[in-house]
Amino acid sequence: MNYEITETQQMIAAAIQDFAEQHIKPFMMEWDETQFFPVDLFKKLGELGLMGVLVPEEYGGSGLNYHDYIRIIEEISKIDSSIGLSVAAHNSLCTNHILEFANEAQKQKYLPKLASGEWIGAWGLTEHNTGSDAGNMSTTAKKDGDYYILNGAKNFITHAKSGHISVVLARTGAKGDKKGITAFVVEKGTPGFTSGKKENKLGMRASETAELVFDNCRIHKDQILGEMGDGFVQALKILDGGRISIGSLALGIAKGSLEASLKYAKEREQFGKPIASFQGIAFKLADMATEIEAAELLLHKAASLKNQGKRMTKIGAMAKMYASEMGVRVATEAIQIHGGYGYTKDFPVEKFYRDAKLNTIGEGTTEIQKLVIAREILRD
Ligand SMILES: Cc1cc2nc3c(=O)[nH]c(=O)nc-3n(C[C@H](O)[C@H](O)[C@H](O)COP(=O)(O)OP(=O)(O)OC[C@H]3O[C@@H](n4cnc5c(N)ncnc54)[C@H](O)[C@@H]3O)c2cc1C
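Residues numbered from 1 in each chain as written. Predicted model: local features only at pLDDT ≥ 70, side-chain atom pairs only at ≥ 80, totals over all residues. Heavy atoms only, no water.

Novice: I would appreciate a short explanation of the site of the ligand in the present structure.
Specialist: Not every one of the 19 residues close to the ligand is listed here, only the nearest: T126, S132, F156, T365 and E367. F156 places a polar main-chain atom, nitrogen or oxygen, 2.9 Å from a nitrogen atom of the ligand. Residue T158 places a side-chain N or O atom 2.9 Å away from a nitrogen atom belonging to the ligand. Bound to the protein, the ligand loses 65% of the 970 Å² it would expose on its own. Elements represented by at least two residues in the shell around the ligand include exactly strand 1 (121-124), strand 3 (147-158) and helix 11 (366-379). Class assignment for the residues of the shell around the ligand results in 8 nonpolar, 8 polar and 3 charged. (Near = heavy atom within 4 Å. Polar contact = N/O pair within 3.5 Å; in protein donor to acceptor, adjacent residues only side chain to side chain. Areas by Shrake-Rupley, 256 points an atom, 1.4 Å probe, with all protein chains shown as cover. Helix = DSSP H or I, 4+ residues; strand = E, 2+ residues; numbered from the N terminus. Nonpolar A, V, L, I, M, F, W, Y, C, P; charged D, E, K, R; others polar.)

Dropping the structure here:
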């Protein structure tokens, strides 16, 4: 596994930092406060090649690999992880589902728009009563000639309001039937397809999270992704890759928290000395740095398997679980190092702390990752 930082990755990181100085940093606390989702920013991110990171160049994407992808999500999340979450969900959920399972005509139609940032993508699996137990979903797609009629609602969907298209998983068979779920791509403006309640969240507040609502929404059979009945297996494969995304968000938050803490610990003086000179603080910094390295290694191991097209369910779940829990621990210690100032909005660690928690929940909670890992190691 070779995951040394490449020249391309260094150039992309520098471009993201420059971009953030002008287009993200001056506004991010206001976006956070008001829960504003900056739609236009994503067009600009598209111009930088960040909206189709894994999409091949022939479809207008950047044609990069998962090691590059980790660096990109991490770099954005070091600055504003709610923008990182939206870039991650767009790339690894909606866009990747189309890239991996759409037919050629669907790829030609949707990928260039998604990769350029002209369109923002959403991906709807979760429902109000089925989160971890997503396979038990209630949204139905009933056949009516060449059409399917969608009824139901999806909950907690990133870009449910602003997304131009959504990949939607719906029941086309009986509950309990493993081949009873199918993936559809649904365009905004399709009659019967609307969005509902926007969530008021603890963190990741500039990333839009809302409901997708289907009320007798007629979808042509050409909008099916892959084969009928393959939707749930497709979703699980997409979530395998998505775990690298969420882990990278956590890695970025942790690196941002450590960077801020190192700076603060060297500047802040108590008892006539910088607080970094107290072993109690220095040991915290040492633990944070070590945990970050460990998470990074796990994530790049998962990326390496993914790049080679190898099965990475176990390592992906381990990387996601470890990185996300690590992100919470590191962000918590960062507040502690900043003392009372860390509890205010004058320092970046307050936002990192709130944003970090999402990663232990989204795209499979820590408990669900443990179920996946246990299943994999008991089968070995
Ligand atoms: C900001 C945000 C963005 C999101 N974006 C999307 C998106 O774009 N698309 C999408 O489809 N979904 C999205 N989600 C949904 C997310 O994936 C779910 O919230 C997550 O899968 C957990 O489901 P739940 O919230 O219903 O919790 P539940 O499944 O109800 O879990 C509640 C608790 O019970 C535990 N639990 C459940 N089952 C078990 C078990 N068998 N063993 C042990 N413990 C268990 C869980 O770990 C958790 O601690 C998003 C969520 C958030 C908060």
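Now that the structure is up, let's keep going.
Novice: What's the story with the packing of aromatic side chains in this structure? I'm lost.
Specialist: In this description, a pair of aromatic rings is defined by centroid distance and the angle of the planes. A complete count under the given rule lists 9 aromatic pairs for this structure. Judged by centre distance (5.8 Å) and plane angle (25 degrees), the ring pair of F27 and W31 falls under stacked. Given the relative accessible area of 36%, F27 is considered partly exposed. Relative to F278, the ring of F271 has its centre 6.3 Å away and its plane inclined at 75 degrees; by these criteria the two rings are edge-to-face. Residue classification places F271 among the exposed residues on the basis of a relative accessible area of 79%. (Phe/Tyr/Trp six-rings, centres within 6.5 Å; stacked < 30°, edge-to-face > 60°. Buried < 20%, exposed > 50% of the residue type's maximum accessible area, 1.4 Å probe, protein only.)

Novice: Looking at this structure, how should I read the side chain of E74?
Specialist: Topologically, E74 is positioned in helix 4 (residues 66-79). At 2.8 Å, the side chain of E74 forms a polar contact with the side chain of K255. Excluding anything up to four places from it in sequence, E74 contacts S248, L251, G252, K255 and E296. (Contact = heavy atoms within 4.5 Å.)

Novice: Looking at this structure, I do not really get the nonpolar core. What am I missing?
Specialist: Proteins that are soluble and globular tend to have nonpolar side chains buried together. Grouped together as the largest cluster of nonpolar side chains are 63 residues, with contacts concentrated most on I24, L41, F42, L45 and I83. Leave out the neighbours within four places in its chain, and F42 touches F37, M51, I83, S86, V87, G117 and I120. Ranked by size, the runner-up nonpolar core spans 28 residues in total, among them L93, A102, L111 and A183. (Core = buried A, V, L, I, M, F, W, Y, C linked by side-chain atoms within 4.5 Å.)

Novice: I keep staring at the packing of helix 5 (residues 81-101) against helix 6 (residues 104-116) and nothing clicks. Help me out?
Specialist: Here helix 5 crosses helix 6 at 160 degrees, and the two axes come no closer than 9 Å. When the interaxial angle is binned, helix 5 and helix 6 end up roughly antiparallel. For helix 5 against helix 6, the interelement crossing comes out left-handed. Taking contact as the criterion, the partners of H90, C94, T95, I98 and L99 in helix 5 are, on helix 6, Q106, K107, Y110, L111 and L114. (Axes fitted to C-alpha atoms, helices over the stretch in contact; angles between N-to-C directions. Parallel < 35°, antiparallel > 145°, perpendicular 65-115°, else oblique. Left-handed = near helix turned anticlockwise from the far one by under 90°.)

Novice: Before we go on, may I ask you to explain the pairing of strand 7 (residues 209-220) in this structure?
Specialist: Each regular strand shows side chains that alternate between the opposite faces of the sheet. As defined by bridge partners, strand 3 adjoins strand 7 across 9 bridges and the pair is classed as antiparallel. Residue pairing in the sheet places I149 in a bridge with R218 of strand 7. Relative to strand 7, strand 6 (residues 193-198) is paired through 4 bridges, and the arrangement is antiparallel. The residue of strand 7 that forms the bridge with F193 is F214. (Pairing = 2+ DSSP bridges.)

Novice: Please clarify how helix 6 should be interpreted in this entry.
Specialist: Since one α-helical turn is 3.6 residues long, residues separated by three or four positions face the same way. With 13 residues, helix 6 should reach 18 Å at 1.5 Å per residue; the first-to-last C-alpha distance of 18 Å fits that figure. Roughly 35 degrees is the biggest bend found in helix 6, and it falls at Y110, with proline P112 one to four residues downstream. For helix 6, every residue scored as buried is listed here: Q106, K107, Y110, L111, L114 and A115. Along its buried surface, helix 6 packs onto helix 3 (39-47), helix 5, strand 1, strand 4 (165-171), strand 5 (181-187) and strand 8 (224-225). The backbone nitrogen of A105 lies 3.2 Å from a side-chain oxygen of the residue at the head of helix 6, namely N103. Among the residues trailing helix 6, G117 stands out with phi positive, at a value near 85 degrees. (Expected span 1.5 Å × (residues − 1). Bend = angle between axes of the 7 residues up to and from the residue.)

Novice: What is the right way to look at helix 4 in this model?
Specialist: Here helix 4 is 14 residues long and its end C-alpha atoms lie 20 Å apart, about the 20 Å a rise of 1.5 Å per residue gives. The buried fraction of helix 4 amounts to 13 of the 14 residues, a majority that puts the element mostly inside the structure. Of the residues flanking the start of helix 4, the one acting as N-cap is N65, its side-chain oxygen 2.9 Å from the backbone nitrogen of H67.

Novice: Help me understand the environment of G362 in this model?
Specialist: The residue G362 is located in the loop between helix 10 (349-356) and helix 11 in this model. Since its relative accessible area comes to 17%, G362 is described here as buried. Taking the C-alpha atoms as reference points, G362 and I244, 118 residues apart in sequence, are found 12 Å from one another. Apart from residues lying up to four places away in sequence, G362 is in contact with I246 and K320.

Novice: Got a minute to help me understand the pattern of salt bridges in this structure?
Specialist: Pairing between side chains becomes possible if they bear opposite charge and their charged atoms approach one another. Evaluated as defined, the whole model comprises 25 salt bridges. Ionic pairing is found between E74 and K255, a salt bridge with its closest N-O pair at 2.8 Å. With E74 in helix 4 and K255 in helix 7 (residues 231-267), this pair connects stretches of sequence that are 181 residues apart. This pair shows no difference in class: E74 is buried, exactly as K255 is. Close ionic contact of E333 with K284 constitutes a salt bridge, the shortest N to O distance being 3.3 Å. Of this pair, E333 sits in helix 9 (residues 313-338) while K284 sits in helix 8 (residues 279-307), and the two are 49 residues apart along the sequence. (Salt bridge = Lys/Arg side-chain N within 4 Å of Asp/Glu carboxyl O.)

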